[in-house]
Amino acid sequence: MKKFALKALAALFAIVFLCMFFSNTIKTMTTAKVQIIALENKRFEEKLAFTGGILFENPTEVYFDDTPEFPLMVESVLFGPGEYVKEGDIVLTLNTDGAQDAKAKLKAEYAACSEALLRLDAENAFLPKESEIARLYHEMLLKNAAYNECMFTAMEKGETDASALVALKNAEREKAEAENAYLECAGTLENGEKTLSYILERNALAEKMDALLNSLSDLIHAQDSVKAISAPSSGFISEICCQKGDAVKAGKLFSVSNPQSDPVICITLPLGARELEDGARVQIEDSVYGNTRSKILETRAGEMGRKTVVIEIPDEFLKADSFALKRFMQEGVNVTVTYRAKEATTIVPSSAIRGRSGEEYVYLIQNTWEGILAQKGMKVVKTPVTVIKRNESGVSIAEDLAGKRIADREDRPLSDNAQVMEYID
């Protein structure tokens, strides 16, 4: 009897064991498997990609101030935007061949005047080249001009201005004295009128020849001075306003970066873009230097309500032998800015957020106790959440669920209060 009882008890235990084994096996096969995520509060981060340009603050601008006296052409451009120049380096060379025609014209005019002067002297060889009558004639012209000026002044000031009237009377007297002196000399000089005409014509030719020589000298100097245009200071070329073959006109030729202000990267943010903080981390992408860290210096108000972000350019890009700025000015600058929210919130993996926009929810994990032997289990509870920000890797929500556990990456569809099991990758 005792042996029979022991056998029955052993058989009972075996039956219970088999029932539990097959029960757990069936449960394992029919229960959804999920990855359990423990939530925590932290500042939301997002990587934002932009393409920017280079900004030069207050560059030194080089101008061709006056309209050229002769045709000028750009012969060569020796430096381009983004390239480093030293003070005195030649940036542009100009073709001054157009000056040849202008010089030839001046020389021809001078030769014609010279021949006319020789011919005039030959025709009047018996007359003096200088004469008292010519001096008196010139003096008479000066006194007449002074009288006219005093007369105009007296008319403007009126009869009540005594000083203007006195000046007019003195000018009238001096004018009369000069006329009388000229007429007296002309009456006593043999061939006086012819001598005067000859001297005046000769003086006019001589003055014109002097003016032509001065113009020719200025033209030669101008031709030499504009053959090469140099950089006024050391720095990076920020702008070239002409190219080979262009006709040179009055205006800006090129610009050089300000020695007191390093160039910066500028990004114009689209409307509605996230607000980026000064000092935020930036990664600059370059084919030569790779990915280089930088930071936001400031954010400025731009046009049409759009903001401009100013980013510092690392020192290695600003070395004289670096062509990084040239590449950036040709191709643009690709940067990645790390956005960080100002306050910490609960961050949920994007894959764990379910539902339509405005009706998002997550499945919270809750422990359960079930079965005859009160076995521990888990179920999911549908919990609405409010999305603040999202990106590919995470979602910031308004609810504080720090310390809670949620279900993610389930192997089959879930429903509210469904039993779940954890799986490990």
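What you are looking at is a predicted structure, and each value in this text was computed from that prediction instead of being measured.

**A word on the side chain of Thr 346**
In this structure, Thr 346 sits in strand 14 (residues 333-349). For Thr 346, a relative accessible area of 1% corresponds to the buried category. A distance of 2.5 Å separates the side chain of Thr 346 from the side chain of Asn 41, its partner in a polar contact. Separated by 3.3 Å, the side chain of Thr 346 and the backbone oxygen of Glu 399 make a polar contact. Sequence-distant contacts of Thr 346, that is, excluding residues within four places in its chain, are made with Leu 39, Glu 40, Asn 41, Val 395, Ser 396, Ile 397, Glu 399, Asp 400, Leu 401 and Ala 402.

**Quick look at the packing of aromatic side chains**
Aromatic rings in a pair are described by how distant their centres are and how their planes are angled relative to each other. Going through the model one piece at a time under the given rule, you end up with 5 aromatic pairs. Ring centres 5.5 Å apart and planes at 85° place the aromatic pair Phe 317 and Phe 328 in the edge-to-face group. In this pair, Phe 317 is assigned in the loop between strand 13 (307-311) and helix 6 (324-331) and Phe 328 in helix 6, connecting sequence segments 11 residues apart. Each member of the pair, Phe 317 as well as Phe 328, carries the same accessibility label: buried. Put simply, the rings of Tyr 289, Phe 317 and Phe 328 touch in pairs and so form one group of aromatic residues. Directly above the ring of Tyr 361 sits Lys 382, whose terminal nitrogen or CZ lies 4.4 Å from the centroid.

**Concerning the environment of Ser 233**
Within the element layout of this structure, Ser 233 appears in the loop between strand 7 (228-230) and strand 8 (235-240). Note: C-alpha distance between Ser 233 and Val 256 (23 residues apart in sequence) is 7.3 Å. Discounting residues that sit within four places of it in the chain, Ser 233 has contacts with Thr 60, Val 85, Lys 86, Glu 87, Val 256 and Pro 259.

Rules used throughout
- For every chain, the first residue of the written sequence is number 1, and numbering continues from 1 onward in sequence order.
- In keeping with the model being predicted, local features are shown solely for residues with a pLDDT of at least 70 and side-chain atom pairs are shown and tallied solely at 80 or more, while totals for entire chains, interfaces and linings include all residues.
- Calculated side-chain values reflect all of the structure's heavy atoms, with hydrogen atoms and water omitted.
- Counting from the N terminus, the helices are DSSP H or I runs at least four residues long and the strands are E runs at least two residues long.
- Each residue is placed in one exposure class: buried if its accessible area under a 1.4 Å probe, protein chains only, is under 20% of its type's maximum, exposed if it is over 50%, and partly exposed if it falls in between.
- Polar contacts here mean pairs of N or O atoms no more than 3.5 Å apart (in protein, one a potential hydrogen donor and the other a potential acceptor; neighbouring residues in sequence count only if both atoms are side-chain atoms).
- Two residues form a contact once any of their heavy atoms are found within 4.5 Å.
- Stacked, edge-to-face and tilted are the three classes for Phe, Tyr and Trp ring pairs, Trp counted by its six-membered ring, which pair at centre distances within 6.5 Å; planes under 30 degrees apart are stacked, over 60 edge-to-face, the rest tilted.
- Sitting over a ring, as applied to charges here, requires NZ of Lys or CZ of Arg to be within 6 Å of the ring centre and within 35 degrees of the ring normal.

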